[in-house]
Protein chains: 2
Amino acid sequence: MVAEHTVKAYDEELDRMDNAILEMGGIVEQQLADSILALVRRDDELASRVITEDRRVDALETEIDQLAVRILALRQPVAVDLRVITASLKVASDLERMGDYAANVAKRSIAIQEIDPIRLTHAISRMAGIAQGMIKDVLDSFRDRDVERAMAVWRRDEDVDESYNSLFRELLTYMMEDPRRITPCAHLLFIAKNIERIGDHATNIAEIVSYVVTGTPVEEERPKGDVTSFHQADDDTEAAAS
Amino acid sequence: MVAEHTVKAYDEELDRMDNAILEMGGIVEQQLADSILALVRRDDELASRVITEDRRVDALETEIDQLAVRILALRQPVAVDLRVITASLKVASDLERMGDYAANVAKRSIAIQEIDPIRLTHAISRMAGIAQGMIKDVLDSFRDRDVERAMAVWRRDEDVDESYNSLFRELLTYMMEDPRRITPCAHLLFIAKNIERIGDHATNIAEIVSYVVTGTPVEEERPKGDVTSFHQADDDTEAAAS
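Model, not experiment: these values are computed from the prediction.

A. View of the overall build of chain A. Scanning chain A for helices and strands turns up 7 helices and 0 strands. Each helix and strand of chain A, placed in order from N terminus to C terminus, yields the pattern α-α-α-α-α-α-α. Per-residue burial over chain A gives 58% buried out of 242 residues. Contacts spanning at least 24 positions in sequence make up 84% of the contacts within chain A whose residues lie at least 6 apart. Counting only carbon and sulfur atoms, one obtains 50% of the accessible surface of chain A, whose full area is about 9,900 Å².

Following this line, the structure appears as structure tokens:
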């Protein structure tokens, strides 16, 4: 009976761990959605709420870290359970950073007093929509230990990167056309980059899920779709002129 | 004798873990230094080497993760040893991301074909110098389990943030003065942001070191010096006009 009781307590701890990850992910998903809504609707109050939510995300990371150490010390898990615990530590780090990025989007949405080219916020919304779907799906794949779903998220990161590439070009063009747009467009550049990074972290989590289930790291080269780092001045000048 | 042998093997594994972290950190520190040198000297070959080095950083992260799981499964460490293992998983994630940022600086240094305002690269060099010092010191604090040194790094992040804030303003001003500078300056903006993020990750590691030694998370609010997210268009227009 004692042994059974212990097993039950252990299972409950593992469940608590999973739930804390899912709760953290749910908040981050909402933070991203709200930060974009705040940007599009020019809603500073909503943006402030996104920034405040970050404290809950940080607190959950601390809780997950402490829970992991506790389970490792008391239960000495092995095999897949052990991989879940170490994976949870990593996933919590990724989610914490994603929350930071979403909060940064919210901060910048407050800083941007007006955005004239409405088309840009549409493009950013669309990009954020893909990233949000990735967060949702990768959390589902974590919950269900579903490698196939995780790898689908991993591949979808290319779509985010493509959106980012075209936004990057478009934003530079807008800046060149009118110097008064430089400050708001610089913020939009960083907003787009933040979303692109959120996508990167979702692919990180996808790799971790695959590792938890299979026990081996993902070998395939991650599709690297962000090519703007290689974007040279000449091309842009041309793009701006055309 | 067998027990002694086991203890020795265990100690060797813990040492291997520490050394892998220090090796990883050493590469990242060099990546940052070289990426800035590549930028300042316009040395594309050096930049390419920084990008290639990233594979070694990634391989070390995988090695650390696997070593951690192995030690946890076979040795069932407790107390400070257990905290070191879980901390190493987190530190490896931070270092991997720092390596990514340095590689991104290198990629952008290739993209920027010419930088006219030499003053900007000086400012970026200076900022990178602080971040590099933070990496070195936080790794030393990890090696020596030295909380005081870790917390000194943690506080130094404000200097990086201040450098970033003034660079952000200066770069926007340069862009406004001449639209041909927009593309190179956008890359410099991201380079500066990458360095600022590297500083953030160094403070993360400082917090982890403190947790390893004391067993409790850092309670103090981290000094948040990057205020550019709140930077509004009007201020910049004024700055540009003056």
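B. Fine view of unusual backbone geometry. Unusually for a residue other than glycine, Ala79 of chain A sits at a positive phi of about 45°. Among the secondary structure elements, Ala79 of chain A is positioned in helix α3 (residues 79-111).

C. Spotlight on the interface of chain A and chain B. Counting residues at the interface gives 52 residues for chain A and 52 residues for chain B. For the pair chain A and chain B, the summed buried surface comes to about 4,800 Å²; carbon and sulfur atoms form 59% of the total. The largest per-residue losses of area from chain A upon contact with chain B belong to Lys90, Arg97 and Phe190 of chain A, which jointly make up 13% of the total buried on that side. The salt bridge involving Lys90 of chain B is made with Asp65 of chain A; its shortest N-O contact spans 3.1 Å.

D. View of the relation of the copies chain A and chain B. Each copy of the sequence occupies a distinct position, and chain A is placed on chain B by a rotation of 180° and an axial shift of 0.0 Å, giving an RMSD of 0.0 Å. The relationship between the two copies is best expressed as a two-fold rotation axis. When the interface residues of chain A are mapped onto chain B, 100% of them again lie at the interface, so the same face is used by both copies.

Calculation notes
Residues numbered from 1 in each chain as written. Chains lettered and ligands numbered in written order. Predicted model: local features only at pLDDT ≥ 70, side-chain atom pairs only at ≥ 80, totals over all residues. Heavy atoms only, no water. Helix = DSSP H or I, 4+ residues; strand = E, 2+ residues; numbered from the N terminus. Buried < 20%, exposed > 50% of the residue type's maximum accessible area, 1.4 Å probe, protein only. Contact = heavy atoms within 4.5 Å. Areas by Shrake-Rupley, 256 points an atom, 1.4 Å probe, with all protein chains shown as cover. Buried area = accessible area lost by both parts, 1.4 Å probe. Salt bridge = Lys/Arg side-chain N within 4 Å of Asp/Glu carboxyl O. Least-squares fit on C-alpha atoms with pLDDT ≥ 70 in both.

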